[in-house]
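For reference, the chains in residue letters:
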Protein chains: 2
Amino acid sequence: MLDASLRLRSSRVVKTPVVKMEHVFPWGQRVVLHLKLENLQRTGSFKARGATNFVMQSPGASRFVAHSAGNHGAALAWASKERGAQCTVVVPRTAPRAKVELIREYGAQVVETDHSKRTETVEAIVAGDPDAVVVHPFDDIKVMAGQGTIAVELVDQTEHLDSVVVPVSGGGMAAGITAVLEDKVVLVEPKGKRLMDALASKDRTLNGSPEPLDTVADGMRSRALGSLPWDALQNVRNVLTVDDDAILRAMIRTFEEAKTVCEPSGATALAGVLSADQHTFASCFGEKDTTHVGIIVCGGNLDVEPMLRTFYS
Amino acid sequence: MLDASLRLRSSRVVKTPVVKMEHVFPWGQRVVLHLKLENLQRTGSFKARGATNFVMQSPGASRFVAHSAGNHGAALAWASKERGAQCTVVVPRTAPRAKVELIREYGAQVVETDHSKRTETVEAIVAGDPDAVVVHPFDDIKVMAGQGTIAVELVDQTEHLDSVVVPVSGGGMAAGITAVLEDKVVLVEPKGKRLMDALASKDRTLNGSPEPLDTVADGMRSRALGSLPWDALQNVRNVLTVDDDAILRAMIRTFEEAKTVCEPSGATALAGVLSADQHTFASCFGEKDTTHVGIIVCGGNLDVEPMLRTFYS
């Protein structure tokens, strides 16, 4: 992970700031929340770290390829452009126009396809170009290491942390951060993912319906972890589960108190802490009077224009 | 102003950060925007500065009184609490519940009244308490000096600024900043205020309808300047005028690019620059290839909860 941290220092990936927030629970425990603002990262999410770490270690590649209608696509487009390489992003026809435009603005070629044909479309692109490389959004060791640099910075930026809450979808960021912080990590998942059940039954795809999770956190709809993150996260024992209302309440608090714009996925870690009951809080964070908890605010890309225009019309 | 700056250093008023944004106009000029984030100030707006500067210079007062349903009320409540003094805020019955709750949370007593009776209600409170002092939101020299500390910080935080764009409503902040930055100041007003006409005709209340201005910028609905700000701003010659659509577009850009939550008033300075045509831009900011402009993002208090709940429902 320190390799990746040193590597990213010679890129324009940002050392994002940490801001503090406090909360006192009805039962009297106080938590100091250290928000790591990856919404202020290049391209608006932590994904710029993994994409950059991958691209910088692929000197022979002249084109990077991924399928994504979200933050990974924008991050890979940006990282490729920074390296002076080409980038192709395969997006579903149903992708929001704003996100597709962002990927184009970062200089990538956009190929639209049906959701069901995304893998074969990527394979066809790579088959036709020997210098093209596919970059998986999470199931890749270089991508995971890039995301793990968040943890190295966070340790440097805080005097003391008891725990760090990390959103988990495919598991790339969770695996990278766990490699650094080990048993300080508490994961947070959207309701329906059932990661603890999967870990307990040793079945990675326990909940492997082909349908994405039904959650407001649009960056966290993968049901199963990638296979590398799965291996890396075998020792995790603390997972918080959040529903849409908890996510929305955490977004409201983030906007109001920290005045920072996060997307729903970016509010899940805070949601996990704030919505915990006394028993859950104690089992994840202990029973100290004051606990210091790191919170990964992983992204800030939301459809601001319709949100503000609807509200002020 | 330096007196006020030194005074505020011994308070918990924040030296707010400055972040950069860039814009290239269709006619080729480039502007580097230095956003002074007063939305991250205590109580969510610059008003904490003026209120604190007033309160710290009133050692004999045991209670501070104002009428306000907005940022001045919250700021005075906070500043009074910091000094260990009492505070009473007179709010109209129609004030949004969220703002009233915020004023209460900062420890102030809230008195509800009809809008038309606000002045007499304040007078009645003060008449009954010889140690109570009324704090005007803008027509006061100590309040103006407090707001002017923004400019002292901004000069310290930037290498070079050609101009600074300052929102004007009652004129307290504009007067305070102009005392420091003089002819670098460009004011920005909501459409309908007609400040240039008022200055040209030497008629402070030229546009003195009793009705507040019809603008989305709810913190900037005063039609006329206060009389002290009016005197202080006689030499201002550059005023930008913004309509609701320009304000909304600047809010969207601030949320998307800076990932920071501003209220409509807080986006007016950016709106003034971004919506300027070539002629207006040249007359306010000159014709250099690259211009450095300070932008006062004066507040960040908006009704986040209904906005997010409507959007995600």
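Residues numbered from 1 in each chain as written. Chains lettered and ligands numbered in written order. Predicted model: local features only at pLDDT ≥ 70, side-chain atom pairs only at ≥ 80, totals over all residues. Heavy atoms only, no water.

A. Representation of the pattern of salt bridges within the structure. Applying the stated criterion across every chain, the model contains 32 salt bridges over all chains. The shortest N-O distance in the salt bridge between D245 of chain B and R249 of chain B comes to 2.9 Å. Of the two residues, D245 of chain B and R249 of chain B both sit in helix α10 (residues 244-258), four residues apart, roughly one turn of that helix. Classification of D245 of chain B as partly exposed rests on a relative accessible area of 36%. Because the salt bridges share partners, they merge into one network encompassing K36, E38, R49 and E153 of chain A. (Salt bridge = Lys/Arg side-chain N within 4 Å of Asp/Glu carboxyl O. Helix = DSSP H or I, 4+ residues; strand = E, 2+ residues; numbered from the N terminus. Buried < 20%, exposed > 50% of the residue type's maximum accessible area, 1.4 Å probe, protein only.)

B. Layout of the state of the cysteines. Residues and elements named next belong to chain A. As enumerated under the stated definition, the model contains zero disulfides over all chains in all. Left without a disulfide partner, C262 is nearest to the cysteine sulfur of C298, which lies 8.7 Å away. The class for C262 is buried, based on a relative accessible area of 0%. (Disulfide = S-S within 2.5 Å.)

C. Region of the structure containing the sheet that holds strand β5 (residues 109-113) of chain A. All names here are of chain A. A sheet is described by the order of its strands in space; here four strands give the open sequence β5-β4-β3-β6, paired in parallel fashion. Looking at strand neighbours, the two that pair on one side only are β5 and β6 (132-134), the edges of this open sheet. Shown here is a sheet whose adjacent strand axes are inclined to one another by a mean of 25 degrees, direction ignored. Pairing of strand β3 (residues 63-67) with strand β4 (residues 86-92) involves five bridges; the strand directions are parallel. When the sheet's bridge partners are listed, R63 is paired in β4 with Q86. Against the sheet, helix α4 (residues 97-105) engages β4 and β5, with an angle of about 145 degrees to β5. (Pairing = 2+ DSSP bridges. Axes fitted to C-alpha atoms, helices over the stretch in contact; angles between N-to-C directions. Contact = heavy atoms within 4.5 Å.)

D. A look at the relation of the copies chain B and chain A. The transform that puts chain B on chain A rotates by 180 degrees and translates by 0.0 Å along the axis, for an RMSD of 0.0 Å. In short, the pair behaves as if placed about a two-fold rotation axis. Proximity to the rotation axis, assessed at the C-alpha, singles out T260 of chain B in chain B; its C-alpha lies 2.3 Å from the axis. In this assembly, 100% of the residues forming the interface of chain B have copies in chain A that are likewise at the interface, indicating an isologous arrangement. (Least-squares fit on C-alpha atoms with pLDDT ≥ 70 in both.)

E. Structural view of the packing of helix α2 (residues 47-56) of chain A against helix α3 (residues 71-83) of chain A. All names here are of chain A. Between α2 and α3, whose axes approach to 8 Å, the crossing angle comes to 40 degrees. Between α2 and α3, the interaxial angle falls into the category oblique. Along this stretch, α2 crosses α3, giving a crossing that reads as right-handed. Where α2 abuts α3, its residues K47, A48, A51, T52 and V55 lie against N71, H72, A75, L76, W78, A79, S80 and R83. (Parallel < 35°, antiparallel > 145°, perpendicular 65-115°, else oblique. Left-handed = near helix turned anticlockwise from the far one by under 90°.)

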